[in-house]
Amino acid sequence: MLDRLIVGTNQSFDLHGLLQSTSRTLANLDFEHLHEVQRVERSRTDPVLKKQIIGNLQRRHRERRQPYTMLIAELQKHLSSAMADDLHAVG
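Okay, so let's go over this structure. The shown structure was predicted, so the numbers you read here are calculated from the model rather than taken from an experiment. In every chain, residue numbers begin from 1 and rise along the written sequence. Totals for whole chains, interfaces and linings use every residue, but because this is a predicted model, local features are given only for residues with pLDDT of at least 70 and side-chain atom pairs only at 80 or more, for both listing and counting. Hydrogens are left out, water is left out, and the side-chain values use all remaining heavy atoms of the structure.

Describing the nonpolar core
Thought 1: The set of buried Ala, Val, Leu, Ile, Met, Phe, Trp, Tyr and Cys residues whose side-chain atoms join them within 4.5 Å is what this entry labels a nonpolar core. When accessible area is computed with a 1.4 Å probe and restricted to protein chains, residues below 20% of their type maximum are described as buried, those above 50% as exposed, and intermediate ones as partly exposed. Membership of the largest hydrophobic core is limited to 7 residues, which are Leu15, Leu19, Leu26, Leu71, Ile72, Leu75 and Leu79.
Thought 2: Numbering of helices and strands runs from the N terminus; a helix is a DSSP stretch of H or I covering at least four residues, while a strand is a stretch of E covering at least two. Residue assignment for this core shows that the elements contributing at least two residues are α2 (15-42) and α3 (47-90).
Thought 3: Per element, the largest residue contribution to this core is 4 residues, and it comes from α3.
Thought 4: Setting aside residues up to four positions removed in sequence, Leu79 forms contacts with Leu15, His16 and Leu19. Two residues qualify as a contact provided that any one of their heavy atoms is within 4.5 Å of a heavy atom in the partner residue.

Right under this line is the structure:
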């Protein structure tokens, strides 16, 4: 996934900055999801319908989170690799 972002660019890429930005986006998605679930839980909606709505919210949340969690894992892998390369260059 990350290779698609990097290949073909002539500029240096701030992997750490992208990791921070992606982590913030993920935190915002989590906060928004929590707020939506709490709003449904506090509503006067029928309990069976509430359960369905919350289930749909959770499914949508997982789907929205997945690309960001995959990107974070890829960024962490590249950052670890870059750090190992730096240590080998110094040592």
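Side note on the pattern of salt bridges
Thought 1: By salt bridge we mean one thing: a side-chain nitrogen of Lys or Arg within 4 Å of a carboxyl oxygen of Asp or Glu. Under the definition given, this model contains 5 salt bridges.
Thought 2: Across the salt bridge formed by Arg65 and Asp30, the nearest N and O atoms sit 2.7 Å from each other. With Arg65 in helix α3 and Asp30 in helix α2, this residue pair connects regions lying 35 residues apart in the sequence.
Thought 3: On the accessibility criterion, Asp30 (27% relative accessible area) is partly exposed.
Thought 4: The partner of Arg59 in a salt bridge is Glu63, and the shortest N-O contact between them spans 3.4 Å. Of the two residues, Arg59 and Glu63 are both situated in helix α3; the distance of 4 residues between them amounts to about one turn of the helix.
Thought 5: Judged by its relative accessible area of 48%, Glu63 is partly exposed.

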